[in-house]
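Below are the chains, spelled out letter by letter.
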Amino acid sequence: MAFTKYQIFLSTVMVATGTINLLANEWTNRLEAVGSDGTRRKFDHPFVQTVFMFGGEMLCFLAFKLLVVFYRRRQIFAEDADLIRGNRNFNPFILFPAALCDMTATSLMYIGLVLTTAPSFQMLRGSVIVFVALLSTAFVGRRIEKHHWAGILFVVIGLAVVGFSDYSEKSKDHSSRDMIFGDMLVVMAQIITACQMVYEEKYVVDKDIPPLQAVGWEGTFGFLTLSFLLIPFYFIKVGKPFANNPHEALEDLPDAIAQIKNNPIIGCALVGTMISIAFLNFSGISMTKEVSATARMVLDSVRTFFIWIICLMLKWQDFHPLQLLGFGVLLLGMIIYYQIISFGGIFARVETARPEDEEIISQPADQP
């Protein structure tokens, strides 16, 4: 699959901002501040972090409106501008289910990230490519070729090796029980994320919705919905290890506000998360529209390597030789999936362009 320059740009932005986003979230979870009860503790507010994430997605909507005005004043047609090209006349509520999936999956992942390590978290996120491939075949009608399945298999094996090496070393900050439970939450989130990706591929592509506008609407729906839910969450008692706040509530907004006031660095980390998620979601949904949801998820797994390197540098993760083997297998999976190298003709490319069935799926419904 030969990428265009625009797709290469999207891929680079997606990997870079995705790496920054996860590291910013991990950093936020490690920061400490005095809470509403006067006790100093780590910042453990996954739903507040999710609200900031949706705030970042809302920035895409603002950027989209500004770009529309900019191109209009320059008398540039939308068809000639990649960032706003597409059909802008659609019912926004078509994106509401995707926003709900995003809200649920992200909240579960933030809870899981508190209970497990960043490399394990990212490793398990790679399992989403399997769910996306299966759902794409069932609901979108996408044909998965043999080299795609082979690439996915190697990616999963590579991620599994990385995960095994991570479990073989005891974490300094997490118990084995917490890590197992956190990993289960992350896997559950991947199933929901796969549903979101396939839904976006079906409707964003068919309706030819501009990616920035789609992300903006999803962020708006998610922000408003979750901001309202923070009120009842304060009265739902869950206890440890699900909550580390004075009231042991599902979410304690007053405590989060107090910790942000007492440690402004937490606010900076949250803003960094918000900005990076805006670019990540724009590039991600653009990749879904330009290529496919499965390709987006395979590419997302590349982040694991950079996150691992940076976690080693920051001493958030101990080195294990098996990790090098795992990343080598992961890279091999990417090469097979994208047919960068032909292995003796086993996965020889039938045609150099995108397969015909993918062209039909990605083509807007109102075009011949």
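Residues numbered from 1 in each chain as written. Predicted model: local features only at pLDDT ≥ 70, side-chain atom pairs only at ≥ 80, totals over all residues. Heavy atoms only, no water.

The name given to the chain in an unreviewed UniProt entry is Solute carrier family 35 member F6, with Parthenolecanium corni as the source organism.

Glancing now at the overall build of the chain. Each helix and strand in the chain was counted, giving 14 helices and 2 strands. The buried share of the chain, reckoned over its 368 residues, is 53%. The contacts in the chain between residues at least 6 apart in sequence include a share of 80% that link residues at least 24 apart. Total accessible area on the chain stands at roughly 16,700 Å², and carbon and sulfur atoms take up 68% of it. (Helix = DSSP H or I, 4+ residues; strand = E, 2+ residues; numbered from the N terminus. Buried < 20%, exposed > 50% of the residue type's maximum accessible area, 1.4 Å probe, protein only. Contact = heavy atoms within 4.5 Å. Areas by Shrake-Rupley, 256 points an atom, 1.4 Å probe, with all protein chains shown as cover.)

If you look at soluble globular proteins, the nonpolar side chains tend to sit buried side by side. The biggest cluster of nonpolar side chains holds 52 residues, and the ones touching the most others in it are Ile84, Leu95 and Ile209. Of all the secondary-structure elements, those providing two or more residues to this core are helix H1 (5-30), helix H2 (46-73), helix H3 (96-115), helix H4 (118-125), helix H7 (176-206), helix H8 (211-233), helix H10 (264-290) and helix H12 (303-313). If one sorts the elements of this core by residue count, H2 sits on top with 9 residues. In this structure, Val132, Leu135, Val198 and Trp308 belong to the second largest nonpolar core, which totals 17 residues. (Core = buried A, V, L, I, M, F, W, Y, C linked by side-chain atoms within 4.5 Å.)

The next point concerns the packing of H2 against H8. The N-to-C vectors of H2 and H8 enclose an angle of 150°; their axes lie 7 Å apart at closest approach. If you check the angle between H2 and H8, you find them roughly antiparallel. In this structure, H2 meets H8 at a crossing whose hand is left-handed. In terms of residue class, the contact of H2 with H8 is made up of 15 nonpolar, 8 polar and 2 charged. (Axes fitted to C-alpha atoms, helices over the stretch in contact; angles between N-to-C directions. Parallel < 35°, antiparallel > 145°, perpendicular 65-115°, else oblique. Left-handed = near helix turned anticlockwise from the far one by under 90°. Nonpolar A, V, L, I, M, F, W, Y, C, P; charged D, E, K, R; others polar.)

Looking now at the confidence of the model for the chain. Residues of the chain with pLDDT of at least 70 account for 82%, and the chain-wide mean is 79. The lowest-confidence element of the chain is helix H14 (residues 356-362), averaging 38 in pLDDT; the highest-confidence one is helix H9 (residues 253-262), averaging 95. Here residues 346-368 is modelled with pLDDT under 50, and outside its nearest four sequence neighbours on either side it reaches 37 contacts, counting other chains as well. (pLDDT = per-residue confidence, 0-100.)

What follows is about the side chain of Glu218. Looking at the secondary structure, you find Glu218 in helix H8. Excluding anything up to four places from it in sequence, Glu218 contacts Phe54, Glu57, Leu95, Ala98, Ala99, Asp102, Gln196, Glu200 and Ile285.

Our next topic: the pattern of salt bridges. This model, assessed by the stated rule, comprises 4 salt bridges. The salt bridge partner of Asp37 is Arg41, with a shortest N-O separation of 2.9 Å. Across the pair Asp255 and Arg41 runs a salt bridge, and its minimum N-O distance is 3.5 Å. Linking Asp255 in helix H9 with Arg41 in strand E2 (residues 40-42), this pair joins segments that are 214 residues apart in sequence. (Salt bridge = Lys/Arg side-chain N within 4 Å of Asp/Glu carboxyl O.)

It is worth spelling out the packing of aromatic side chains at this point. Taken as a whole, this structure holds 8 aromatic pairs when the rule is applied. Note on Phe70 and Tyr71: the rings are 5.4 Å apart at their centroids and 70° apart in plane angle, and the pair reads as edge-to-face. With relative accessibility at 38%, the residue Phe70 sits in the partly exposed group. By relative accessible area, which is 14% here, Tyr71 ends up buried. (Phe/Tyr/Trp six-rings, centres within 6.5 Å; stacked < 30°, edge-to-face > 60°.)

Turning our attention to the side chain of Asp102. Assignment of secondary structure puts Asp102 in helix H3. When near neighbours in sequence (up to four residues on either side) are disregarded, Asp102 contacts Met53, Phe54, Glu57, Gln196, Glu218 and Asn281.

Glancing now at unusual backbone geometry. For Asp208, which is not glycine, the phi dihedral falls at a positive 55°. Asp208 gets classed as buried once you look at its relative accessible area, which sits at 16%. A positive phi angle is found at Glu248, which is not glycine, with a value near 50°. With respect to the helices and strands, the residue Glu248 is situated in the loop between H8 and H9.

Attention now goes to H12. Since the α-helix packs 3.6 residues into each turn, any two residues three or four apart lie on the same face. Within H12, burial applies to Arg303, Thr304, Ile307, Trp308 and Cys311. Take H12 and look down its axis: the buried residues cluster within an arc of 130°, on one side only. Where H12 ends, the next residue or the one after it, Lys315, has phi of about 60°, a positive value. (Arc of directions from axis to C-beta.)

On the surface, a cluster of nonpolar side chains totalling about 540 Å² of accessible area is made up of Leu59, Leu62, Leu66, Val271, Ile275 and Phe279. Classification of Phe279 as partly exposed rests on a relative accessible area of 47%. (Patch = residues over 30% accessible without salt bridge, like charges linked within 9 Å, V, L, I, M, F, W, Y side chains within 5 Å.)

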